[in-house]
Amino acid sequence: MTTLFRRLLATLPRFGVHVLDLEPGAAVISRRGARRRIPMGPGADLLVRDSGKWKQAKFGATGAHLLLQTGQAVDDEREFQLAAAQYLCHHHVAGILEKYGVNCVFDVGANAGQYAKRLRRSGYKGRIISFEPVSLTFERLQEAAKDDPEWLVHHCALGSEAGTSTIHIDWNTMNSLLPPSDYGRGRYKRFKKGRTEEITIRRLDEVMDEALDGIADPRPYLKMDTQGFDLQVFEGGGERIDDFVGLQSEVAPLRLYEGSPAMAESIAAYEGRGFGITGMYPVTREPATGRVVEFDCVMVRPESAPPEAEAEAEAQQKAPEPAPQNA
């Protein structure tokens, strides 16, 4: 049955108001010709101005609709696809954190805190432990976290062995302990310059007790975005990897960094420790060919799902199939 909320949304475009209907209970609204942001609740941000004709696309049987300006989405296909993937990934992770009762997120490769900020905007209120080794970037991270008592920051990298090393910096959000590959140098001009900085590396299993201190029933989640170094971070977890209910890692079909693992190698290592894929979201694509360079891979440990999840799954299996959508 169509709700009053949905019927109201359907009438707004007639009055010059643009609507992006994201999901049940969430929508993005903007007035034609204006730029403003209206918070619609966790997981929903504002859309901005535009003019012209709009078309509506259904999101399957979810009851959600997407309004697109005619022609524009086709012209900007790559940008549109990546923006949609980023939104869907954040939305999916927020759901995983809630479903699995996550109360501590290990944010490895935090940069200036962008990921942690998105977690807070999506409604996550648990502890966040961010790791960032580059000095100037860490200062920005520290500033971002200063008013959040449950967001703790560490000035170090994580890896398979504790010690010191050098990291390539001045590559914006792509600083890496690994040198660029031939493919990477051809893909990004920034790799042709830059400098190095000496950093501290710790093992994940060495920092976990401190990070989880005070949490009665820890249910940690591991997010890794270390530009080709994620598998080293994972290996540094040792036996404590079994404590994590889920993880998120950038895996690369096209390797930007020399010595980084192939996508299949990374996924096999994660699956070998009991994690299963729940989502794969493109992060970057080759402009010329459309090939995906990197995916955000989201995984969970199935046995960590709460007991009510199994009952919910059984109920869904018994429910009648939804009616097919018109093309």
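The rules behind these values
- Residues numbered from 1 in each chain as written.
- Predicted model: local features only at pLDDT ≥ 70, side-chain atom pairs only at ≥ 80, totals over all residues.
- Heavy atoms only, no water.
- Helix = DSSP H or I, 4+ residues; strand = E, 2+ residues; numbered from the N terminus.
- Buried < 20%, exposed > 50% of the residue type's maximum accessible area, 1.4 Å probe, protein only.
- Polar contact = N/O pair within 3.5 Å; in protein donor to acceptor, adjacent residues only side chain to side chain.
- Contact = heavy atoms within 4.5 Å.
- Salt bridge = Lys/Arg side-chain N within 4 Å of Asp/Glu carboxyl O.
- Arc of directions from axis to C-beta.
- 1 Å grid on protein atoms, 1.4 Å probe; cavity = no way out; pocket = protein on both sides within 12 Å on 5 of 7 lines; lining within 4 Å.
- Points joined across faces, edges and corners; volume = space filled by probe spheres on them.
- Nonpolar A, V, L, I, M, F, W, Y, C, P; charged D, E, K, R; others polar.
- Pairing = 2+ DSSP bridges.

1. Quick notes on the side chain of Glu 286
Point 1. Position of Glu 286 relative to the elements: it lies in the loop between β13 (276-285) and β14 (292-300).
Point 2. Residue classification places Glu 286 among the buried positions, given a relative accessible area of 10%.
Point 3. Within polar-contact distance, the side chain of Glu 286 engages the side chain of Tyr 183 at 2.9 Å.
Point 4. The residues contacting Glu 286, other than those within four sequence positions of it, are Arg 78, Tyr 183, Arg 187, Leu 254, Arg 291 and Val 293.

2. Re the pattern of salt bridges
Point 1. Tallying each qualifying case throughout the model produces twelve salt bridges.
Point 2. With a shortest N-O distance of 2.8 Å, Arg 195 and Asp 170 are connected by a salt bridge. You can see Arg 195 sitting in strand β10 (residues 195-202) and its partner Asp 170 sitting in the loop between β9 (163-169) and α6 (182-187), a full 25 residues away along the chain.
Point 3. We classify Asp 170 as partly exposed; its relative accessible area is 43%.
Point 4. Across the pair Glu 286 and Arg 291 runs a salt bridge whose closest N-O atoms are separated by 2.8 Å.
Point 5. Residues joined by salt bridges that share partners form a network here, namely Asp 209, Arg 240 and Asp 243.

3. Comments concerning helix α9 (residues 263-272)
Point 1. For α9, the set of buried residues is Ser 266, Ile 267 and Tyr 270. Mapping the buried residues of α9 onto a view down its axis gives an arc of 95 degrees, with all of them on the same face. The outward face of α9, more than 90 degrees from its buried face, is lined by the exposed residues Ala 264 and Gly 272.
Point 2. Along its buried surface, α9 packs onto β11 (220-224), α8 (230-235), β12 (246-251), β13 and β14.
Point 3. Taken from the residues just after α9, Gly 274 is the one with a positive phi, measuring 100 degrees.

4. Quick word on the layout of surface pockets
Point 1. Considering only enclosed or pocket space, the second largest pocket measures out at about 810 Å³ in volume.
Point 2. Elements with a contribution of two residues or more to the lining of the second largest pocket: α3 (77-99), α4 (114-121), β8 (157-158), β11, β12, β13 and β14.
Point 3. Here the lining of the second largest pocket takes five residues from α3, the largest share from any one element.
Point 4. A class-by-class count of the residues in the lining of the second largest pocket yields 20 nonpolar, eleven polar and seven charged.

5. Points about the pairing of β13
Point 1. By the bridge criterion, eight bridges tie β13 to β14 in an arrangement that is antiparallel. When the sheet's bridge partners are listed, Arg 285 is paired in β14 with Val 292.

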